[in-house]
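Chain by chain, the residues:
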Amino acid sequence: MNSSDFLNEQLWPGQLGNVLILLALCSAVFGAIAHFRSTIYNLDSTWKTWGRIAMLVHSSSVFGIVALLFGIMLTRQFEYYYVWKHTNTALPQSYIFAAFWEGQEGSFLLWAFWHAVIGLVFLHKAFRSNSGVIATLLLVQGFLMTMLLGRIVYLPDLGIDFNIGSFPFGLTREHPTLMNAPFTKLPDYLLNLDGRGLNPALQNYWMTIHPPTLFLGFALTTIPFGFVIQALIRRDFSSWFRNALPWAFLGVGVLGAGILMGGAWAYEALSFGGFWVWDPVENASLVPWLLLTAGAHMLLIPKKTKIVLTLAFVFLILGFITVLYSTFLTRSGVLGDASVHSFTDLGLTGQLLLFLFFFMALPVYLVLPKRQRFVYLIASITLLAFGFSSQFSSISNALWTLFGLLSFGLGIFSLNQRINPNTPSLEENVWSRDFWMLMGALVLTVSALHLTVETSKPVINKLTGTSMAVGDVAAYNAVQWWFGLLLSIGMGVVLYLMYGKKTVQGLAKELGRVALVAVALTLVSFSLYPNMKVMPDALLLLGGWFALASGFLFVAKFIKKHPLAAGGGLAHAGFGLLMVGIVISMGQQQNVSKNQNEINLKALNEEFSNNEHVMLMKGDSVRMANYTLVFANDTLNGSFAEYQIDYYSHSDGKNEKKFSLNPRIILSPSMGNVAEPATRHFVTHDVFTHISYVDLENLKRKSAGIAAPEYEEPQHFELKIGDTVYSSNAYIVVEGIASDPRNAQSETDPNNLNLNLYPTFTVRDLQGNIDTVKPAFLIQGLSLQTIPDTAKGNGLVIEVKKINPKTSTIEVEMQRKKYQNQDDFIIMKAVIFPWIKLLWAGCFLIAIGSLMAVAERFNKNGQA
């Protein structure tokens, strides 16, 4: 069928989107060439003018692509596969932004959008001289635009068959997964077509602001990297620090805020109870922040020693490279079994690897002597050709990895050789600010290295054929808490080191006051939580309070004379408060939902715990910690099932309702139901509640006014004496088998065998009613008769189908008579997080302090 045969299709957005993607790609490549020529040959006329025009064209094209994709999503044009996959008619318009960047194409486009915005900023006269930075940014944009091309390279004679990008404007009826579906052959298929919808876990307001902030942080790592590339081209190894410094700290602040927003989303929307679980995708965004932070602090050191210059280059390069590496991890499908955040593989693995290794090789190429560049280039191209020809086999990927590591070492060696040997040496005084900032940067680097190795285990497994498991939360905490402690102490100390202007005695006096405050606050914390462990809790608390007190005293000293100069102290204080909040809220969290029912919840499901979950009958009350909980109501509202849990206080002998929480189940037939927790926020603590199990079918029937069937579907079990099973809202125990032989000749004459067996079951329902059920299993000669028995309390019918004397097992069928007014119940979890507000306050101070520091640096550079 021709395109014209399909009714109501709007094809012009896709056609225009294709043109704009090609225009954005071509203008990015041309602009990068123009600005690189301007940088290499120090030109300031025609090439730079053409480069600025290309930047304007490119940015306009990217903005046009974004507007087109938003337009077809807002109007639900399901003829486009991206719209069909990520939206539906029931999706509220407030979640369109989340739907836009849910998929790979949209998130690539979001990344490119921020690059386009930053590129326009660099066209301002205050930044226009940094043509090498603009060139680098446009080069990255060129790669990002190829991710949206959606072209297939098929050369059967050479064995080449791979995709170049994924086109966001592809048609639903032409997508490989749907093109053979019967409905796509109908001319009027759009009349009744609805979309697949947005992942229920992403239907949260944090997903409207978290990804844009995170990707702006990713985009900002490109700018310090661009300054590095510009410095390598110009052979200027130190004067670029001043211009790169505010951009590096802007990236630190924004990327850090984006990561913390992701933690807030996980805390409010996911059901694991907490804000950070060392998920591989979480780690993949944290590692660039750690390295960028280390690089930014290297830029702060006034003495440009050889080691400082080298490490500044290395850290800022790695800050950007690890963003590309995290892109590979999350988008290649390699983390599919290890993370809930990763994307599915769209066949872009080779392209993502090319993206990564190109920008790994670029700084190495630029730092090499001209004679060695040609050899390095030939080796890179040969390895690239081998990779594509072998379809990125494990051998080629291993060679790429080895080549990348060797390139990294070669680059550092060549850079160290090229730096002027007459640069000043590092301040050897242990109490110099230079030394402490260098040590802090190294701690950040070792922390990032540990996270990278752990997160890369799925990649290492694929390369080596091993099966190393990614560390759990406890394993990560056991290592990372040391880094948190060292950083906290270092942040507190470094604020008082003024490059040798203080004597050791004066410094000891000032830090002594801070240490006394930290010790006092730690002792107060211990008195409030006496079960706290000395290691790591007490030490981390001491370090956190130390950094907090030091930061606030520093802020108090500078806030009146130089308000913006206090930003660094405020950020350090925020980190200390963050550490205190983590130790108290996560380490002292209280699981108040302890099961008090006689039914063993773990027998119902291995994921349930009697110490962490509780079963609530509708209308019944259960006392937990300082509250009495009542399951008050359940309602079905569109795509949400909502459950009202009332919390009553029973202090001072009173039983007064304090608040209600309404955890929900987001219903999604296409992607599965998702539990959305509910949290009550207090100044001193949060009460977190989420549903672990409900009978949704019963709720749906009641909401629709449909009578329940007379009997449930039968369930079959193979049991032994002493076994316990959960079935039909009851807890059943096999007690034994009573027998009643009637014929003494049964052993010698099977035809006259007359044996009655009565397996005995104890049935305990959710209301506590206990029944004894004895179905009959009658053998009369060669015939068999089974007689079921019924539990009087809940109508559970048990029938024995088979008894196997060899295995000592009983095959049982259980079926419960259902009543329209049957009792509802839920299994839920409730956790109290004490003083978690300290954690969020620390995040806020870090963000504000970072922005103040950025503003100060732009002011000093005359760029504000």
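Right above here is the structure, for reference.
So, a few notes on the structure that sits alongside this text.

Turning next to the overall build of the protein chain. A count of helical and extended segments in the protein chain gives 22 helices and 23 strands. For the protein chain, the proportion of its 864 residues judged to be buried stands at 53%. By sequence separation, contacts in the protein chain at least 24 residues apart represent 68% of the contacts at least 6 residues apart. When the accessible area of the protein chain is evaluated, it comes to approximately 38,200 Å², of which 60% is carbon and sulfur surface.

One open sheet holds the 4 strands; their spatial order is β13-β22-β21-β20, and the pairing between them is antiparallel. With one partner strand each, in any of the chains shown, β13 (715-719) and β20 (789-790) form the two edges of the open sheet. Here strand β21 (residues 796-804) pairs with strand β22 (residues 809-816) via 8 bridges, running antiparallel. If you follow K802 over to β22, its bridge partner there is E811.

Within the element layout of this structure, G736 appears in strand β15 (residues 730-741). On the basis of relative accessible area, G736 is assigned to the buried category, the value being 13%. Setting aside residues no more than four positions away along its own chain, G736 makes contact with I721, Y758, P759 and T760.

Below, the discussion takes up unusual backbone geometry. Phi at R76 takes a positive value of approximately 55 degrees, unusual for a residue other than glycine. In the Ramachandran plot, S808 falls in the positive-phi region, its phi being about 55 degrees despite a non-glycine side chain. You can see S808 is positioned in the loop between β21 and β22.

So, about the side chain of H115. Of note, H115 is situated in helix α5 (residues 104-121). The class for H115 is buried, based on a relative accessible area of 0%. Engagement of the side chain of H115 in a polar contact is seen with the side chain of Q141, the distance being 2.9 Å.

Formed by 194 residues in total, the largest nonpolar core has its most connected members in W111, F122, W240, W247, L299, F355 and F359. Once residues within four sequence positions are removed from consideration, L299 is found in contact with W240, F241, A244, L245, A248, K304, A312 and L316. Of all hydrophobic cores here, the second largest spans 27 residues; its members include V622, M624, L667 and V687.

Here the focus is helix α6 (residues 131-146). Here α6 spans 23 Å end to end across 16 residues, near enough to the 22 Å set by a 1.5 Å rise per residue. Of all 16 residues that make up α6, 15 are buried, and the element is covered over most of its length.

Considering all chains together, one arrives at 9 salt bridges under this definition. Between R173 and E174 there is a salt bridge whose closest N-O contact spans 3.6 Å. Looking at E174, the relative accessible area reads 48%, which means it is partly exposed. Here E454 ties to K457 by a salt bridge, and the two come within 3.1 Å at their closest N and O atoms. Per residue, the accessibility class of E454 equals that of K457, and both read buried. Each of the salt bridges in this network shares a partner with another, and the network as a whole consists of E9, R173 and E174.

Once that is clear, we can look at the layout of surface pockets. The volume enclosed by the second largest pocket comes to roughly 1,400 Å³. The wall of the second largest pocket is formed by 50 residues, among which F275, W276, W278, N477 and I582 lie closest to the centre. The set of elements that each furnish at least two residues to the lining of the second largest pocket consists of α8 (241-269), α9 (280-300), α14 (433-455), α16 (473-494), α18 (534-558), α19 (567-587), β12 (685-694) and β23 (825-834). Take the lining of the second largest pocket: its biggest share by element is 8 residues, from α16. Partitioning the lining of the second largest pocket into residue classes produces 28 nonpolar, 17 polar and 5 charged. Built from parts of two domains, the lining of the second largest pocket gets at least three residues from each of domain 2 (484-588) and domain 3 (611-706 + 823-835).

Cut-offs applied
- Residues numbered from 1 in each chain as written.
- Predicted model: local features only at pLDDT ≥ 70, side-chain atom pairs only at ≥ 80, totals over all residues.
- Heavy atoms only, no water.
- Helix = DSSP H or I, 4+ residues; strand = E, 2+ residues; numbered from the N terminus.
- Buried < 20%, exposed > 50% of the residue type's maximum accessible area, 1.4 Å probe, protein only.
- Contact = heavy atoms within 4.5 Å.
- Areas by Shrake-Rupley, 256 points an atom, 1.4 Å probe, with all protein chains shown as cover.
- Pairing = 2+ DSSP bridges.
- Polar contact = N/O pair within 3.5 Å; in protein donor to acceptor, adjacent residues only side chain to side chain.
- Core = buried A, V, L, I, M, F, W, Y, C linked by side-chain atoms within 4.5 Å.
- Expected span 1.5 Å × (residues − 1).
- Salt bridge = Lys/Arg side-chain N within 4 Å of Asp/Glu carboxyl O.
- 1 Å grid on protein atoms, 1.4 Å probe; cavity = no way out; pocket = protein on both sides within 12 Å on 5 of 7 lines; lining within 4 Å.
- Points joined across faces, edges and corners; volume = space filled by probe spheres on them.
- Nonpolar A, V, L, I, M, F, W, Y, C, P; charged D, E, K, R; others polar.
- Domains from an automatic or database assignment.

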